[in-house]
Amino acid sequence: MTVLETPVGRFAPTPSGPLHFGSVVAAVASYLDVRAAGGRWLVRIDDVDRPRAQAGAGEAILASLARLGFEWDAPPVWQHQRDAAYVAALKRLMADGWVYGCACTRKMLADAPRAADGATLYPGTCRNGVPAGLAARAWRFRVPAGLTAFDDRVHGRIVEDVSQAAGDFVLHRADGLFAYQLAVVVDDAAAGVTDVVRGIDLMPSTARQICIARALGVAVPRYAHVPVVVDAGGQKLSKQSLARAIDAFPPALLIYDALVCLGQQPPAELADAPLPAVWDWALAHWSMARVPRQGEVRSRRIYDR
Ligand code: GLU
C-alpha cells in the first residue's frame, strides 16, 4: 500500500516591515503549491533576530495576509517563543560533535577570506578547540567536507560545497541570539513542513539548512525557489527598497499580479474578477512547471516606491 503524504507548506516572513508585493508572490506560490495538492499551509513569523523585528510588523503582516484571502491551518508560530526548541537542538548537535565553541571576535576575523555572499569565511581557528586563555562566545556548525545536493523543483539539481561557500557558520551568536539557519530548520521540522517554497534570494541558505537537518536527523523538505520581484530599476522589492505596503491595493489585483509574476498566465478578464474567483482560478490552474526559472521578474510599476 502506498501512503500518500499530505504536503505541508509554509510562509515565513521576517517582520522587519510591512508585507510588500515581493513577499506576496512567495506566499502565493507556497499557498497554491500545497493547497492545489490538498495539503496544509502554515504561517510563521521569523522574528528570531529580535533587533531586526519591527514592533507591530508581525501582526500587520498577518492582517495583510488575511485581507488577501490566505487561510492558515494552525495558529501562527512566532520564533521569539521557540527558544526552548532551539536550545534543545543546539544541545543535541553539541552532544553529537556537530558544533564547537568559537572565541573569535569580529576584529580577529577582519582579515579572514570572504564567502560568495560577502560574509566571513571562517578560517577554522577554533575548530579544534578555543585558544588558551580565551572563552567561547558563539557556537559554530562543523560543516562536513564534500558536496551537498538537492533537486530544486524549479531549478533542478543544485550542488554546493558548503565548506567553500559558507565555511563553519554560526548557529548561536555572541549576542545570545540563535541564527536564522538553525531556527528555520528546527521550526520547519517541528511543523512537519514537507515543501519549502520561497524566494530565490534564500537559495544560498538551502544547502546549509540541509546540512543542519541531516546533522539533527530530521527530514529534509523539498525545495522550490521562485523569482524575486524587482522594480523598474532592477532593484529587489524589499522593506529596504521601501516597496509600497500592499494594503493600498485591491486584494484581487494583488493576487492576479502575483499569478502573472509566477508565470501562471491568468486570463485578462480575471483582472477584474472578485477575490474568491481569482483564488478559484489559481487553485484550479496552479502549475509549478510554469514558474519562471529566471531569478528576477519585474513587477508592474505600481508596487515600486
Ligand atoms: N524569514 C525569511 C525571510 O523573510 C524566510 C525564511 C524561509 O522562507 O525559509 O527572508
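All of these numbers come straight from a predicted model, not from anything done at the bench. (Residues numbered from 1 in each chain as written. Predicted model: local features only at pLDDT ≥ 70, side-chain atom pairs only at ≥ 80, totals over all residues. Heavy atoms only, no water.)

Participant: For this particular structure, what's the right way to read the overall build of the protein?
Facilitator: Scanning the protein from N- to C-terminus turns up eight helices and twelve strands. In terms of overall dimensions, the protein has C-alpha extents of about 70 × 55 × 35 Å along its principal axes. Considering only contacts within the protein whose residues lie at least 6 apart along the sequence, 77% involve residues at least 24 apart. Counting every atom, the protein has about 13900 Å² of accessible surface; 55% of that belongs to carbon and sulfur. (Helix = DSSP H or I, 4+ residues; strand = E, 2+ residues; numbered from the N terminus. Contact = heavy atoms within 4.5 Å. Areas by Shrake-Rupley, 256 points an atom, 1.4 Å probe, with all protein chains shown as cover.)

Participant: Can you walk me through the pattern of salt bridges in this structure?
Facilitator: Opposite charge on two side chains makes pairing possible when the charged atoms of those side chains draw close. Across all of its chains, the model carries 17 salt bridges by this definition. Of the charged contacts, one joins E5 and R222 as a salt bridge, the two residues approaching to 3.6 Å between their closest N and O atoms. Note that E5 is positioned in the segment before β1 (8–11) and R222 in strand β10 (residues 222–226), a separation of 217 residues in sequence. Taking relative accessible area as the criterion, E5 reaches 51% and is therefore assigned exposed. (Salt bridge = Lys/Arg side-chain N within 4 Å of Asp/Glu carboxyl O. Buried < 20%, exposed > 50% of the residue type's maximum accessible area, 1.4 Å probe, protein only.)

Participant: Sorry if this is basic, but what is going on with the state of the cysteines here?
Facilitator: Simply put, disulfide is the name for a covalent bond between the sulfur atoms of two cysteines. Within this structure, the stated rule accounts for zero disulfides. Of the cysteine sulfurs around C126, a residue in no disulfide, the closest is that of C104, at 3.8 Å. (Disulfide = S-S within 2.5 Å.)

Participant: Sorry, what's going on with the site of the ligand here?
Facilitator: If you check the shell around the ligand, you find R10, A12, P13, T14, D46, Y180, V184, R198 and L202 and nothing else. Note that an oxygen atom of the ligand is positioned 3.2 Å from one of the side-chain N or O atoms of Y180. Against a free-state accessible area of 300 Å², the protein chains account for coverage of 82% of the ligand. Grouping the amino acids of the shell around the ligand by side-chain chemistry returns five nonpolar, one polar and three charged. (Near = heavy atom within 4 Å. Polar contact = N/O pair within 3.5 Å; in protein donor to acceptor, adjacent residues only side chain to side chain. Nonpolar A, V, L, I, M, F, W, Y, C, P; charged D, E, K, R; others polar.)

Participant: Explain the sheet that holds strand β8 (residues 170–172) to me, please; I cannot follow it from the model alone.
Facilitator: Strand pairing within a sheet occurs via backbone hydrogen bonds; the two strands may be parallel or antiparallel. Read across the open sheet, the three strands follow the order β4-β5-β8; overall the sheet is antiparallel. The open sheet is flanked by β4 (99–102) and β8, the only strands paired with a single partner. Across this sheet, the average inter-strand angle for adjacent strands is 45 degrees, counted without regard to direction. The pairing of β4 with strand β5 (residues 138–141) spans four bridges and is antiparallel. The residue of β5 that forms the bridge with Y100 is R140. (Pairing = 2+ DSSP bridges. Axes fitted to C-alpha atoms, helices over the stretch in contact; angles between N-to-C directions.)

Participant: Could you clarify how one ought to interpret the layout of surface pockets in this entry?
Facilitator: Where empty space is left in the structure can be found by rolling a water-sized probe over the atoms. Space inside the second largest pocket adds up to approximately 190 Å³. Broken down by secondary-structure element, the contributors of at least two residues to the lining of the second largest pocket are α5 (180–190), α6 (203–216) and β10. In terms of residues, the lining of the second largest pocket owes the most to one element, α5, which gives four residues. When the residues that make up the lining of the second largest pocket are grouped by side-chain class, the tally is ten nonpolar, three polar and three charged. (1 Å grid on protein atoms, 1.4 Å probe; cavity = no way out; pocket = protein on both sides within 12 Å on 5 of 7 lines; lining within 4 Å. Points joined across faces, edges and corners; volume = space filled by probe spheres on them.)

Participant: What am I meant to see in the nonpolar core here?
Facilitator: In a soluble, globular protein the nonpolar side chains are often hidden away together inside. Among the nonpolar cores identified, the biggest contains 50 residues, and F21, V24, V28, F70 and I255 are the most heavily contacted of them. Excluding its chain neighbours within four sequence positions, the residues that come into contact with F21 are V229, L237, I246, L254, D257, A258, C261, S299 and Y303. Counting residues in each nonpolar core, the second largest holds 23 residues, with A166, F169, A207 and I212 among its members. (Core = buried A, V, L, I, M, F, W, Y, C linked by side-chain atoms within 4.5 Å.)

Participant: What should I look at first to understand the packing of α5 against α6 in this one?
Facilitator: Any two packed helices are characterised by how steeply their axes cross, that is the angle between the axes, and by the distance between the axes. Running from N to C, α5 and α6 cross one another at 60 degrees; their axes reach a closest spacing of 9 Å. Considered as vectors, α5 and α6 are oriented oblique to each other. Here the hand of the crossing between α5 and α6 comes out right-handed. Judged by residue contacts, Y180, Q181, L182, V184, V185 and V186 of α5 engage S205, R208, Q209, I212, A213 and L216 from α6. Taken together, the residues that form the contact of α5 with α6 break down as eight nonpolar, three polar and one charged. (Parallel < 35°, antiparallel > 145°, perpendicular 65-115°, else oblique. Left-handed = near helix turned anticlockwise from the far one by under 90°.)

Participant: What's the story with α5 in this structure? I'm lost.
Facilitator: In an α-helix, one turn spans 3.6 residues, which is why side chains three or four residues apart end up on the same side. Most of α5 sits out of view: eight of its eleven residues are buried. Looking at α5, one finds that the buried residues are Q181, L182, A183, V184, V185, V186, D187 and D188. Of the surrounding elements, those touching the buried residues of α5 are β1, β2 (40–45), α3 (83–95), β8, β9 (195–199) and α6.

Participant: Teacher, can you tell me more about the environment of A66 here?
Facilitator: Note that A66 resides in helix α2 (residues 57–67). For the pair A66 and P251, spaced 185 residues apart in sequence, the C-alpha separation works out to 10.0 Å.

Participant: What am I meant to see in α2 here?
Facilitator: What α2 keeps buried is the set A57, G58, I61, L62, S64 and L65. All buried residues of α2 project into a common sector of 160 degrees when viewed along the axis, lining one side. In this fold, the buried residues of α2 make contact with β1, α1 (21–35), β2 and β3 (77–78). A positive phi of about 95 degrees marks G69, the residue just after α2. (Arc of directions from axis to C-beta.)

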